[in-house]
Amino acid sequence: MSEQTSINNNLPQGFKGLTSDFGSDQTAFKGVNWGKAMMWIFLLSDTFIFSCFLISYMKVRASVVAEWPYPSEVFALDVGGVPVPLLLIAIMTFVLITSSGTMALAVKYGYEKNKKLCGMFLLFTALGGLTFVGMQAFEWSKLIFHEGVRPWGNPFGAAQFGSFFFMITGFHGTHVSIGVIFLFIFSRKAFRGDFDTGKKGFFTSMKSDYVAIEILGLYWHFVDLVWVFIFAFFYLW
Amino acid sequence: MHPGFIFLAVVIGSVVFHLVTPWWWTDIASNWGGMDDTILLTFWIAGGVFILVCLFIVYCVFKFSYKEGRKAEYKPEDNKLEKILTWATALGVAALLAPGLVVWSQFIKTPSNAINVEVMAWQWGWQYRLPGEDGKLGTTQVTNISDENLFGINLDDPYGKDDILIQSSELHIKKDKPVKILLRSVDVLHNFYVPQFRAKMDSVPGVVTYYWFEPNKIGEYEVLCAEYCGVGHYGMRGTVFVDNEQNYKNWLNEQETFSDVMAKFEQIKLDVNKKLAKK
Amino acid sequence: MVMAETKKEQQTTTHKIGIYLWIWGLLFVLSFFSYMVDWFQFQGLLRWTLIVTFMLLKAGLIMAIFMHLFWERYALVNALLWPMTAIACFICLMVAEGKYTVFTRLFYFVVGG
Amino acid sequence: MSEDYYDSNTSYKAQSSETISSGSGSVSDIDYVKPKEVPDQELYHGHSFITKYIFCQDAKVIGVQYTLTAVFTGIIGLILSWMMRMQLGFPELFPVLTSETYYQFVTMHGMIMVVYLLTALFLGGFGNYLIPLMVGARDMVFPYVNMVSYWMFFVAVLVLMASFFVPGGPTGAGWTLYPPQTLLEGTPGSGIGIMLMLISLALFVIGFTMGGLNYVITILQARTRGMTLMRMPLTVWGIFTATILALLAFPALFVGAIMMSLDKLLGTSFFMPTIIQAGEMLEYGGGSPILFQHLFWFFGHPEVYIVALPAFGIVSDLISVHARKNIFGYRMMVWAIVAIGAISFFVWAHHMYVSGMSPWFGFFFATTTLIIAIPTAMKVYNWVLTLWKGNIRMNVVMLFCLGFLITFVNGGITGLFLGNVAVDVPLSDTYFVIAHFHMVMGIAPVLVILGAIYHWFPLVTGRFLDEKLGKWHFWITFLGSYSIYFPMHYLGFIGVPRRYFEMYDSPYMTSAVGMNQFISLAAFIVGAAQFIFLFNIIKSLKIGKLADKNPWKANSLEWYTPNVPPVHGNWGDKLPVVHRWPYDYNVPGAKEDFIPQTTPPSEVKDTGVEKT
Ligand code: HEA
Ligand code: HEA
Ligand code: CUA
Ligand SMILES: [Cu+2]
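Residues numbered from 1 in each chain as written. Chains lettered and ligands numbered in written order. Predicted model: local features only at pLDDT ≥ 70, side-chain atom pairs only at ≥ 80, totals over all residues. Heavy atoms only, no water.

*Asks:* Help me understand the overall build of chain A in this model?
*Replies:* The helix and strand tally for chain A stands at nine helices and two strands. Secondary structure elements of chain A, listed N to C terminal, follow the sequence α-α-α-α-β-β-α-α-α-α-α. Overall size of chain A, expressed as C-alpha extent along the three principal axes, is 60 × 40 × 30 Å. Counting every position in chain A, which comprises 237 residues, the buried fraction comes to 62%. In chain A, 70% of the contacts between residues at least 6 apart in sequence involve partners at least 24 apart. Treating the 17 positive side-chain charges of chain A as one cloud and the 15 negative ones as another, the clouds have centres 9 Å apart. (Helix = DSSP H or I, 4+ residues; strand = E, 2+ residues; numbered from the N terminus. Buried < 20%, exposed > 50% of the residue type's maximum accessible area, 1.4 Å probe, protein only. Contact = heavy atoms within 4.5 Å. Lys, Arg positive; Asp, Glu negative; His and termini not counted. Charge placed at Lys NZ, Arg CZ, Asp CG, Glu CD.)

*Asks:* I keep staring at the overall build of chain C and nothing clicks. Help me out?
*Replies:* The helix and strand inventory of chain C stands at five helices and zero strands. Sequence-ordered secondary structure for chain C, helices as α and strands as β, is α-α-α-α-α. Every one of the 113 residues in chain C was classed for burial, and the buried ones make up 49%. Counting contacts in chain C only where the partners sit at least 6 residues apart, residues at least 24 apart contribute 55% of the total.

*Asks:* How do you make sense of the interface of chain D and chain A when you look at a structure like this?
*Replies:* Interfaces are often described in size by the accessible area the parts lose on coming together. Of the residues lining the interface, 53 residues belong to chain D; the matching set on chain A comes to 45 residues. Across the chain D/chain A interface, buried area totals approximately 4,400 Å², and carbon plus sulfur atoms make up 68% of it. On the chain D side of the contact with chain A, E37(D), F142(D) and Q221(D) bury the most area, a combined 14% of that side's loss. Our count for the contact surface shared by chain D and chain A stands at zero salt bridges. Taken together, the elements giving at least two residues each to the side of chain D that touches chain A come down to α4 (143–162), α5 (192–221), α6 (234–265) and α7 (289–322) of chain D. Here the residues of the side of chain D that touches chain A are counted per class, giving 31 nonpolar, 15 polar and seven charged. (Buried area = accessible area lost by both parts, 1.4 Å probe. Salt bridge = Lys/Arg side-chain N within 4 Å of Asp/Glu carboxyl O. Nonpolar A, V, L, I, M, F, W, Y, C, P; charged D, E, K, R; others polar.)

*Asks:* Would you mind going over the site of ligand 1 with me for this structure?
*Replies:* Not every one of the 34 residues close to ligand 1 is listed here, only the nearest: W175(D), Y305(D), D424(D), S428(D) and H436(D). One finds residues of chains B and D in close proximity to ligand 1. Backbone polar atom of G419(D) to an oxygen atom of ligand 1: 3.1 Å apart, as the coordinates give it. Between ligand 1 and D424(D) there is a distance of 2.8 Å, counted from an oxygen atom to a side-chain nitrogen or oxygen. (Near = heavy atom within 4 Å. Polar contact = N/O pair within 3.5 Å; in protein donor to acceptor, adjacent residues only side chain to side chain.)

*Asks:* When you look at the coordination of the iron atom of ligand 2 in this model, what are you seeing that I'm missing?
*Replies:* Angles between donor atoms at a metal ideally measure 109.5 degrees for a four-coordinate tetrahedral arrangement and either 90 or 180 degrees for a six-coordinate octahedral one. Residue and element names in this part refer to chain D. Only H109 (NE2) and H438 (NE2) from the protein reach the iron atom of ligand 2 as donors, at distances of 1.9 to 2.0 Å. Each of the six donor atoms bound to the iron atom of ligand 2 contributes to angles spanning 85 to 180 degrees, and the resulting shape is octahedral. Of this pair, H109 sits in helix α3 (residues 99–135) while H438 sits in helix α12 (residues 431–461); the two residues are 329 residues apart in sequence, bridging distant segments of the chain. Each member of the pair H109 and H438 is classed as buried. (Donors = N, O, S within 2.8 Å, 3.2 Å for Na, K, Ca; no water. Tetrahedral: all angles 85-135°; square planar, octahedral: opposite > 155°, others 65-115°.)

*Asks:* Would you mind showing me how to read a nonpolar patch on the surface here?
*Replies:* Residue and element names in this part refer to chain A. Together, M120, L123, F124, L127, L130, F184 and F191 make up a nonpolar patch on the protein surface, roughly 570 Å² of accessible area in all. Going through the elements one at a time, α6 (115–147) and α7 (160–192) are the ones with two or more residues in the nonpolar patch. It is α6 that provides the largest number of residues to the nonpolar patch, a total of five residues. On the accessibility criterion, M120 (33% relative accessible area) is partly exposed. (Patch = residues over 30% accessible without salt bridge, like charges linked within 9 Å, V, L, I, M, F, W, Y side chains within 5 Å. Areas by Shrake-Rupley, 256 points an atom, 1.4 Å probe, with all protein chains shown as cover.)

*Asks:* Explain the sheet that holds strand β4 (residues 170–174) of chain B here, please?
*Replies:* Two orientations exist for strands paired in a sheet by backbone hydrogen bonds: parallel and antiparallel. All names here are of chain B. Taken in spatial order, the five strands make up an open sheet running β4-β10-β9-β6-β7, and their pairing is mixed. Edge strands, defined here as strands with exactly one partner in the open sheet, are β4 and β7 (200–203). Here the average twist between neighbouring strands, direction ignored, is 25 degrees. In this structure, strand β6 (residues 190–193) lies alongside strand β9 (residues 219–225), joined through two bridges in antiparallel fashion. In the sheet register, Y193 faces β9, and the bridge partner there is L224. Set on the sheet, helix α4 (residues 245–254) makes contact with β4 and β10 (238–243); between it and β4 the angle comes to about 135 degrees. (Pairing = 2+ DSSP bridges. Axes fitted to C-alpha atoms, helices over the stretch in contact; angles between N-to-C directions.)

*Asks:* Whenever I open this one, the nonpolar core confuses me. Can you help?
*Replies:* In a soluble, globular protein the nonpolar side chains are often hidden away together inside. If you look at the biggest cluster of nonpolar residues, it comprises 421 residues, and the most contacted ones within it are F192(B), F126(D) and W348(D). The leading source of residues in this core is α3(D), at 23 residues. If sequence neighbours within four positions are ignored, W348(D) has contacts with C89(C), F90(C), L93(C), M94(C), H294(D), W297(D), F298(D), H301(D) and F365(D). Of all hydrophobic cores here, the second largest spans ten residues; its members include V142(B), F151(B), V186(B) and F258(B). (Core = buried A, V, L, I, M, F, W, Y, C linked by side-chain atoms within 4.5 Å.)

*Asks:* Just to check I follow, could you spell out the environment of E68(B) for this structure?
*Replies:* Counting through the fold element by element, E68(B) comes out in the loop between α2 (33–63) and α3 (79–107). Measuring from C-alpha to C-alpha, the distance between E68(B) and K174(B) comes to 73 Å, with 106 residues separating the pair along the chain.

*Asks:* Explain the side chain of R393(D) to me, please; I cannot follow it from the model alone.
*Replies:* Following the sequence through the fold, R393(D) ends up in the loop between α9 (361–387) and α10 (396–419). There is no salt bridge for the buried R393(D), and the closest opposite charge comes from D593(D), which lies 5.4 Å off by N-O distance.

*Asks:* Is there a simple way to think about the site of ligand 2 in this case?
*Replies:* All names here are of chain D. Taken together, 33 residues lie near ligand 2, and R85, Y102, H109, H438 and R499 sit nearest. Within the side chain of R85, one N or O atom sits 2.7 Å away from an oxygen atom of ligand 2. Its residues placed into classes, the shell around ligand 2 shows 22 nonpolar, eight polar and three charged.

*Asks:* What am I meant to see in the coordination of the iron atom of ligand 1 here?
*Replies:* All names here are of chain D. One donor from the polypeptide reaches the iron atom of ligand 1: H436 (NE2), at 2.2 Å. Distance-wise, the copper ion (ligand 4) is placed 4.5 Å from the iron atom of ligand 1. When you line up the elements, H436 lands in helix α12.

*Asks:* Can you walk me through the sheet that holds strand β2 (residues 125–130) of chain B in this structure?
*Replies:* Residues and elements named next belong to chain B. If you walk across this open sheet you meet the six strands as β8-β5-β1-β2-β3-β11, and the pairing is mixed. At either margin of the open sheet sits one strand with a lone partner, and together these are β8 (209–213) and β11 (256–257). Packed onto the sheet, α4 meets β1 (115–122), β2, β3 (164–166) and β11 and runs at close to 100 degrees relative to β2.

*Asks:* Any chance you could explain the pairing of β6(B) here in plain terms?
*Replies:* Consecutive side chains of a regular strand alternate in pointing toward one face of the sheet and then the other. All names here are of chain B. Covered by surrounding structure in β6 are H190 and F192 together with N191 and Y193, the residues of both alternating faces. Bridge count between β6 and β7: four bridges; the pairing is antiparallel. Its bridge partner lying in β7, F192 is registered against M201. Taken together, β6 and the strand that follows it, β7, pair antiparallel across an intervening segment of six residues, in which R198 is found at a positive phi of about 70 degrees.

*Asks:* Would you mind going over unusual backbone geometry with me for this structure?
*Replies:* Backbone phi values are negative for most residues with the exception of glycine, while trans is the configuration of most peptide bonds. In this structure, the amide linkage connecting Q123(B) to the following residue, W124(B), adopts the cis form with an omega of 0 degrees. By the secondary structure assignment, W124(B) is in the loop between β1 and β2. Following P179(D), the chain continues to P180(D) via a peptide bond in cis, the omega torsion being 0 degrees. Counting through the fold element by element, P180(D) comes out in the loop between α4 and α5.

*Asks:* Would you take a moment to explain the pattern of salt bridges for this structure?
*Replies:* Where charged atoms from two side chains of opposite charge approach closely, those side chains can pair. All names here are of chain B. Counting across every chain of the model gives 21 salt bridges over all chains. In this structure, D163 and R129 form a salt bridge, with 2.6 Å as the shortest nitrogen-oxygen distance. In this pair, D163 sits in the loop between β2 and β3 while R129 sits in strand β2, placing the two residues 34 residues apart along the sequence. A residue is classified by how much of its surface remains accessible, and R129, at 1% relative accessible area, is buried. One salt-bridge network, held together by shared partners, links E118, R129, D163 and R184.

*Asks:* What exactly am I supposed to notice about the interface of chain D and chain B here?
*Replies:* Listed per partner, the contact involves 117 residues of chain D and 90 residues of chain B. Both sides of the chain D and chain B interface together cover about 9,000 Å² of buried area, and 71% of this is carbon and sulfur. Our count for the contact surface shared by chain D and chain B stands at two salt bridges. Note that E73(B) is salt-bridged to K389(D), the shortest N-O span being 3.9 Å. Here chain D is connected to chain B by 23 residue pairs in polar contact (both at pLDDT 80 or more). It is α9(D) that contributes the most residues to the side of chain D that touches chain B, 15 residues altogether. Of the residues in the side of chain D that touches chain B, the class split is 75 nonpolar, 28 polar and 14 charged.

The following block contains the structure:
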């Protein structure tokens, strides 16, 4: 990777680089590893999935005649008898951002081939993700069992509120959970030194490489990125 | 036989078929002649291009069939030619689009003197509602629908009381008077389509859609459902009569208003209660 | 400030830890701000602008720094961002469509015409 | 293998051309090709039958697997179309066909043909086989994922086929699956059938995404030395753009499918407003049926170009090879493909002009829709200009290409009718639409597929298909299907709506009885002709004429592998090096009438070859 960066520094930069890269042979994304390119394009596709979810949400919310429940109250948490709006969501947001930060550090240490720190930060990230999923489970059960929110209806207003809530956060939560699983696996691999020895993968029989951590990092940051939009559109609106 | 002849025959056959076809659109009975004209214009422009392109192919096939030792021309591009073709096509497209958009802008803007006609569709049939003397339709709600109130008219809406309900698939409209078709559905998508009027629009449950036309030929026309709506789709027919002033009035006077219907049901209820009381 | 620092670092893919901590901090602050928009119950256009601004800033920071898009070559950046115009178009049209739907619903089922 | 792998400590500029050989042995300046940027790919070589032919990671085998599966579904789709035509042409003959089964057949026919036949065949079949060969790669970049992609598709097909055997049968909602009708009892298969359809589609999308990422990254990041994007055959460009469209359009379908299954299973009301069915109020309310249409067509319109663009690309190559002439206006062709792909995301609601969406959209979408005709028209002009002054071999492949041109122009032009919003109003949802899209999608790309099979069969198997049977196959298919769909436009003018199980009770529809019978007969014949083709394939596999290496004298890389048919790893021990575009046919001054992509400039110094 670092070697390829040094190649890139001798290529034209900026928009000139854009045309020269697309005009060149072999690779269009200079110095970008296959896996990383693949992850980026996958994330682009995934962005379209989440965009479609959010656009549908927006369209339906704009066109229902029934009152849309007020998220700030629905998602309030009682602290000593006082309802604090969106408290849990705020904490979840901070947890996810924190895990994004640790992920960034894991990637950094991965490139420095520092397997201990890398593994450790991966582990932190995984734990952050796990906390997030845990809190989400708590939130779901609170809504379902205490507030009586169901996918097909709720006591506060438009039925679609619950439908979109469970669908969108559920889909996002699935992404987080998948990420957590991979984070645990990769952290183990890092500690074990697979990325240094280039051990072959179990299924794909491809060599392990620290690039994998950057790729996983992209995925994880993307999950965080999606949450930024969900937070803004679903909870704050 | 050289394949070029067959391709040529296909082109000529297409043109001949178009010229002699017994299958052509029904006589128009509304103001949407603009649509027909745009179709004809498209036929001229696009059909012309089709013929030219095909004849060019046929010519090439004859002229440049494989001959051992012949050199094909080597000419990767020709900027000037490509530019000319692009602009010519753009011009052709603009010539098609402009009249189309003009007709569309007329289509979506209902004249203010149009009569509202509500078309209510269900699986698989039609019924209609006309405004009463006040010229306005009462508001509705699907949740109000019951045996007494088949249209789900809001009971507290004063405009609804005199609405004329036509619980049959036959609708009459007045010649030369624009009608605004307001489409409702209680279950799935349908589409109120009379080929002779050219216009159509889906009826969508949960919202009201519309289109308008001005019938200009007296007669009886068949209504087709033009949006797939389940197994009965193909049988979902109705009839529209375009009447002159007098016939229209006669027909209208025979129809019941919403209050009539309500009163009838009240009466039935009273009768039933009386009977029960007697027993 | 941040810009100047990062430009210098463009030589390698690994960056000083400072930049990550910086962005991390900024994300916290921005999230806090957007939370405050709700806390203070801003309404209407103000709420709308603030939420979207903070959201876009956060998204931008995550993509640019955490996902290293800032250091990627324009070929990749452009390949990823241009398709978003389709989404933008979809959003705009669906906003219009949502408004139209609610208009017809209110008009025919509540107001009358 | 890695002798010319680029040493990372030196930079490009420091390289002098003398130190790097182009791989052809020549050291002269004009032959200079940039050194290798990416290390050679490690491949997993299968040893057992299972890893070599079943769970195989070789893109070529996967391509063949995709093709066979897709053709199998295609034949089912074909048989379904026979049943439909039976009902429409001769309703009395086949009383078992009820309106339920008719609608189920229409639905499965449409979905199978568009998604499981054409998309899978073009992208999964041709894409897998040709991309690595044409760009000079050893395989797809992630062979394992590629293999999983095929098996996902396979399972998706199984699930789809299973729906024929469940209680209630497959869904009969029309391939557009518009709610609320899709989920209600008035539609056949609204129970298990629709769920299986949605699951199958979701599986297809997931599987396709795995494959699609492979195609895109292979093209972008794994080309051989000298293979710039602007030297790729148009086939690759078509498949590449179509794959990107698919990666960005399938999400909308996926989301629509998820939301619809939730409406079905959990009783949410995304697409379901308050509904009264058979006098009973259902537990839905407030949803928006039109939203589904937007999602569906945001996928659906790009989808029709997903099946068109690979056909455009492939046909360009076939025409060029068999007219012995460079493709005219290559750069314009590439930009047209990209432009069509890009614009296709901005035209979706032209399928919804009469759906009751906001009427103002009509202006926007009519304009974008007609604009998309301009790059398409450019492609048509360039195809016919490639024939101009060519040296056209009138073989079966060329016949299929000519058939494509005529049917595509015909169908494209009827698209202009439909795109022009005011004209669409009377024609929408009539047989005019059916005629339009069969002409442009049901015949034109199918003809390309068939032509492409005749063209590449020698590469895959080492044998030619029989030309004589091929000519019969072509003429019956072309003339037959043209006479199916050309008259059908006029049914649309009369006003006959589509998806009508029976239409003989209206006076002006009765006038079309004869036409419908004729169309049905033609459909039976055309369908039967496909069996000539299957016979031809089986026969030629065994006793077909043996083909030399590169029998068509083509330039593109797939014909220049050391072994023909190519083996796993494609290139032996040395990757090819590319020096030119693939269209140098009949270059003035050259000895042969073609110059392969691998020929270095020094070998053809005196020719009038253009710089590419
Ligand atoms: C391969 C598939 C394919 C392709 C390429 C196209 C191409 C086009 N289609 Fe088609 N279409 C479908 C598949 C396809 N379509 C399908 C499957 C449906 C129905 C789905 C359903 O409802 O079930 C459909 C339906 C459909 C509709 C909706 C009709 C309705 O339901 O009411 C419309 C409306 O705008 C439309 C328009 C167009 C246009 C403008 C093009 C253009 O891209 C065509 C451009 C090509 C040309 C124009 C020809 C070449 C040009 C020249 C030779 C130059 C001359 C030109 C000029 C003078 C301008 N199509
Ligand atoms: C690519 C797509 C495709 C193809 C090839 C076809 C092929 C055919 N279709 Fe098509 N059809 C659709 C896509 C397609 N269709 C769609 C999307 C719909 C809309 C569904 C809906 O409304 O929901 C539809 C609907 C439809 C209807 C309208 C039904 C209705 O509205 O009530 C009719 C009616 O005649 C019909 C007839 C036929 C016939 C006779 C054939 C063929 O028999 C034509 C002749 C055959 C060929 C030209 C050869 C085909 C080749 C193969 C099948 C591949 C086999 C491969 C090898 C052997 C290598 N189809
Ligand atoms: Cu009602 Cu079709
Ligand atoms: Cu379209």
